[in-house]
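The lines below spell out each chain.
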Amino acid sequence: MKLIYSYLQKFLPTLDVKPQQLRDDLTMIGHFTNYFEEIDNEIIFDLDIKVNRGDCLGYYGLAKDLSVFYNIPLVTSISPEIINQANNNLSIKVNTENVNRILAVKISQLQNLNSPIWLQNFLKYHQSKSINLIVDLTNYIMFMYGIPSHAFDTQKSTDSLIWEMNSKYTDFITLDKTKLGIDKKILMINNASQPLSLSFWGGQECAIDLNTKEIILEMAIYKPSVVRQNSRQLRSTTEASIRLEKQLDPELIPLAFNHLCKLVLQNCQGQISSSFFEYYPQKNIPTPISFDLQKPSKVSGVEIPQEFSLDCLKRLGCIISPTIDNLKSTILITPPTIRPDIILEADLVEEIVRFWGYHKIPSDQPLAYKKIKDITPKEIFLIDNLKDKLTDLGYDEILSWPLVNNPSDLSTVITTQNSINTESIYLRQSLIPSLKRQLDQYQRYKLNQPQFFEIGKIFFKEGDNYIEKNSLAIYHHNPEQLKNDLQYLDLPQSNKESSFFEIIIDNLSKPSEYQPKTKHQSAYELQSQLIILDANITFDTIQDSSQLIQKYTQIIGPKYFWEMVITDIYQDETSQNYRYTLRVSYFNVDDKTAKEIHLKTFGLI
Amino acid sequence: MDDNLEKIKSEYLSNIDSLTTDEQYEQIRIEIFGRNGKINDLFSKIKDVPPELRKQYGADLNQLKTELEEKLKSKNIQKADKLTTGKLTSPIFGLPKIGHLHPITQTERQLNDVFIKLGFSLYSGPEIVTDEFNFKRLNVPQDHPARDMQDSIYIKEPEYLLRTQTSTIESYLLKVHSNNLPIRAACPGSVYRNEKVNRSNHFVFHQYQAVVVDKEISMKDLIGTMDLMFKTLYGPDVVVRYRCKYYPEVEPGVGPDMQCFSCHGSGCPLCKYAGWIEMGGAGMIHPKVLEMAGINPQIWSGFAFGMGLDRWTMAQKNIKDIRTLMGGNLAYKPNEK
């Protein structure tokens, strides 16, 4: 969400902190602020609002939080009292229980215009398009208070509006002319003969334009789960749906709606031409919470004065009263309606601790060691033990995709229902195909004589049950050596000679404990094939092979050097000299550079 | 076999048996199989054998070659076993091959070391899980907007899915051990999200979860323990801030951010100009989560935190593409520890 500093100050006129400080403070109290930027002399912040804080999807809610944090007054110039109205009743019906509150009024004799520059800019900074003055004002109020509203052109919609679950329409055309297929699960605003609006997106049929003279203006809050479900079903997300699918405060509607009416009347010269319609079947009354004043200190681990806690709760708008049993430190807290996320004592504790400041909790006092019964499942010991033994034998560990494109056995394969990676929809039933793919990859990069293993889950279906097992799969380029290694690992061997081996390890005997080795080993992302070059070097005496390799390895250096082996040693009959052929693999380097390094290293230039 | 070949064979078999040093090994290998060695010499004389015997001679010679090769190879294996781990085969000589743990396993073990020293057990759980353990027991009921935070891969919607977070292991842990308190457990594991695979995103990645349930556990314990973990991973000078963050399974929720190692807090493209990099999520275990596991939150409290391992591991190993970690072009130098 975008937040313009100067508009925040409309609610917090005494706010005077540097933008960087505001960014950090917002972040620390839970509204992660990615960055701020200055555009046209406006400081604009970019915030991530938590999913449980629908109230902060408007300036008002954020200002309320900041007023607590900075201990400065929250100011609003608008009265929540109903403004002057006419006697005509609006013909509105609500035929669904999915509406929490509606406030609506008819305004006539309007003169709709293009929006003034300030409003166009405001919407632009919020990445919203300016349409015309009436529509833009509804959006302005949505950004300011976090509650969407909608205007219907009565010349197109008629005076009668019905809130209902869709019962007869199959299509709906939105304001931007998108045609959506709709069914009975969709909450709609209709008139007697046509669909007018979704709960979160207006319709083309009654769109406001510059010729609009009369509107019904409404602001409504619905059951969040219905809006959320509708938005998902129609694969449509709007600024309104983002807000309406969160828990919003119906008690805030009068303030926001009056502000909207006032702005429309001021800017479009209209007149209220109906009485206010209100639908509010079940008033939102927060439940008091029993609160132990010592709890913030206990939970945070630092002393938070009770006076601070009480002051903080008051500033949040909580009503504080003593408990019936008069327990010394326990009080009853009734949270404000704008904070439907506060329902438990733990919620109150979080409020107090976040305003107290997480940074005041020391970070240098970790848990002390405590002897507790070891509940480590024994297969973890077995897996660690196998990994260590295999790496000791020279095998590299790999990890592969648990989702694969070809099932080993169609009758037992488990298929994912909604994987967007359509080429990989089956859960693997064996690790061998993954090892084969890895081998292909290694061969593509010309890796010499790879030997590697994987320990991971394999999956299959048994009747209606989903089974997963831990499996070990090994590849060695030399089947005979693999056989020897399996013997060393005390694993059963197959009679068939193969470079691949796989076994489910869940049934193997497990060590009662095992302390794995901690290793810090390098790993490389190969960007290109290894470049393999030979060098023949002559010595008059036989050389120690290890020392010879180490000597040239050091000369080449680690940046491009991959591996070196001696592939031939030849003694010349005439000179009696020894000629060594060294095969060197270079990595992440082009041919030309590899050759240059090679020639230089072995003095072949 | 021709008598002469038999004689040569027994002579060399005996010589190979008596080899004791690298140098002797190399000398006899060259003597038999070198460019000017015995086998090539015998093959070059095949033209001198009468035509009617030439076929048999060739077969005998090949048999001799194979037997001597095998003898030498078996000697090689025995010799190499003493030296290294038994991997000297076709190259005449290479340094001993060293096996490597996958970088993710290395990171997990680094973290395991920290937590085992604090008395933690290790714990694991299933990867195919139910909605109950992946969401409901973590205080995310049906239709809760928090479900949008994770795009799940379903096996059988809405009941069975691939776990989306290691907090799911925590659900199983708390249920199984609710009568076995206190608990300290660390749970590394792979998790799944319905994301397109590309350079930056994968449908499977790795997380590390730590869970503590005990009496009088506080945020101070949580923040201190997390700080210890970050200092172990990133060194003693790492700067970490702890801020308020929302996760349905914890309250108060905590978001650890590490000061950007690239710009040191001034803002750069890596940290999206925030100066900080998000390092995971944490918090005090929500009383509802404890209650659902049958643990009385009036007596017991606890903390949990989880962090992704892939990005940290990639940064540590200078890996740019997340696909490299899973069956990609990740490789290890054969002799590099």
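It should be emphasised that the depicted structure is a prediction, and the values quoted were computed from it without experimental measurement. (Residues numbered from 1 in each chain as written. Chains lettered and ligands numbered in written order. Predicted model: local features only at pLDDT ≥ 70, side-chain atom pairs only at ≥ 80, totals over all residues.)

**Q** Explain the domain arrangement of chain B to me, please; I cannot follow it from the model alone.
**A** Reports of interface size often rely on the accessible area that becomes lost once the parts have come together. Per the domain assignment, the segments of chain B are domain 1 (3-83) and domain 2 (103-325). The C-alpha-based centres of domain 1 of chain B and domain 2 of chain B are spaced at 62 Å. (Domains from an automatic or database assignment.)

**Q** Looking at this structure, how should I read the nonpolar core?
**A** With 137 residues, the main nonpolar core has Tyr586 of chain A together with Ala186, Val211, Leu222 and Phe303 of chain B as its most contacted residues. Among residues more than four places away in sequence, those in contact with Val211 of chain B are Glu170, Leu173, Ile183, Ala185, Cys187, Gly302 and Ala304 of chain B. Leu62, Ile189, Tyr222 and Phe257 of chain A belong to the second-largest nonpolar core, a separate cluster that totals 75 residues. (Core = buried A, V, L, I, M, F, W, Y, C linked by C-beta atoms within 7 Å. Buried ≥ 20, exposed ≤ 12 C-beta atoms within 10 Å, placed from the backbone. Contact = placed C-beta atoms within 7 Å.)

**Q** When you look at the domain arrangement of chain A in this model, what are you seeing that I'm missing?
**A** As far as domains go, chain A holds domain 1 (2-70), domain 2 (91-279), domain 3 (289-359), domain 4 (378-504) and domain 5 (531-601). Taking the mean C-alpha position of each, domain 3 of chain A and domain 5 of chain A sit 73 Å from one another.

**Q** Would you mind going over the sheet that holds strand E4 (residues 154-156) of chain B with me for this structure?
**A** The strands that make up a sheet pair up through hydrogen bonds in the backbone, lying either parallel or antiparallel. All names here are of chain B. The antiparallel open sheet is built from three strands, whose spatial order is E3-E5-E4. A strand with exactly one partner marks an edge of an open sheet, and here the two such strands are strand E3 (128-130) and E4. With direction set aside, neighbouring strand axes in the sheet form an average angle of 35 degrees. Taken together, the three bridges between E3 and strand E5 (residues 160-162) define a ladder with antiparallel strand orientation. What sits directly across from Ile128, in E5, is Leu162. (Pairing = 2+ DSSP bridges. Helix = DSSP H or I, 4+ residues; strand = E, 2+ residues; numbered from the N terminus. Axes fitted to C-alpha atoms, helices over the stretch in contact; angles between N-to-C directions.)

**Q** For this particular structure, what's the right way to read the environment of Tyr570 of chain A?
**A** Considering the arrangement of structural elements, one finds Tyr570 of chain A in strand E26 (residues 561-571). Along the sequence, Tyr570 of chain A and Gln306 of chain A sit 264 residues apart, while their C-alpha atoms lie 88 Å from each other.

**Q** For this particular structure, what's the right way to read the sheet that holds strand E7 (residues 160-165) of chain A?
**A** All names here are of chain A. Taken together, the four strands give an open sheet; going across it, the order is E4-E7-E10-E11, and neighbouring strands pair in mixed fashion. Looking at strand neighbours, the two that pair on one side only are strand E4 (91-94) and strand E11 (195-198), the edges of this open sheet. Strand-to-strand twist of the sheet, defined as the mean angle between neighbouring strand axes without regard to direction, takes the value 20 degrees.

**Q** How should the environment of Cys312 of chain A be read in this particular structure?
**A** Residues and elements named next belong to chain A. Its place among the elements puts Cys312 in helix H11 (residues 306-316). On the basis of neighbour counts, which here come to 22 C-beta atoms within 10 Å, the residue Cys312 falls in the buried class. Between the alpha carbons of Cys312 and Leu210 there is a distance of 48 Å; along the sequence they are 102 residues apart. Filtering out sequence-adjacent residues up to four positions away, Cys312 remains in contact with Val68, Glu351, Ile352 and Phe355.

**Q** Is there a simple way to think about the interface of chain A and chain B in this case?
**A** In this assembly, 102 residues from chain A lie in contact with 102 residues from chain B. Ranked by the residues each element gives to the side of chain A that touches chain B, the list is headed by E26 of chain A, at nine residues. Two elements, E26 of chain A and strand E1 (residues 93-94) of chain B, share two bridges in a ladder whose sense is antiparallel. Residue Ile566 of chain A lies in a different strand from E1 of chain B, and its bridge partner there is Phe93 of chain B.

**Q** I'm lost on the packing of helix H5 (residues 103-116) of chain B against helix H8 (residues 219-234) of chain B in this one. Help?
**A** Helix packing geometry: the angle between the two helix axes and the distance between the axes. Residues and elements named next belong to chain B. Taken N-terminus to C-terminus, the directions of H5 and H8 make an angle of 140 degrees; their axes are 10 Å apart at the nearest point. On the basis of the axis angle, H5 is oblique to H8. As H5 runs across H8, the sense of the crossing is right-handed. Each of Gln110, Leu111 and Val114 in H5 lies in contact with H8, whose residues at this interface are Leu228, Met229, Thr232 and Leu233. Per-class residue counts for the contact of H5 with H8 are five nonpolar, two polar and no charged. (Parallel < 35°, antiparallel > 145°, perpendicular 65-115°, else oblique. Left-handed = near helix turned anticlockwise from the far one by under 90°. Nonpolar A, V, L, I, M, F, W, Y, C, P; charged D, E, K, R; others polar.)

**Q** When you look at helix H1 (residues 3-17) of chain B in this model, what are you seeing that I'm missing?
**A** For an α-helix, 3.6 residues make a turn, and residues three or four places apart therefore share a direction. Along its 15 residues, H1 of chain B runs 21 Å from first to last C-alpha, staying within 8% of the 21 Å computed at 1.5 Å per residue. With respect to burial, H1 of chain B is a largely exposed element, only one of its 15 residues being buried. (Expected span 1.5 Å × (residues − 1).)

**Q** Could you clarify how one ought to interpret the packing of H5 of chain B against helix H10 (residues 310-317) of chain B in this entry?
**A** Residue and element names in this part refer to chain B. Two elements in contact, H5 and H10, have axes separated by 10 Å at closest approach and are oriented at 110 degrees. In this view, H5 runs roughly perpendicular relative to H10, as classed from their interaxial angle. The residues of H10 that touch H5, namely those facing Pro103, Ile104 and Thr107, are Trp312, Thr313 and Lys317. Partitioning the contact of H5 with H10 into residue classes produces three nonpolar, two polar and one charged.

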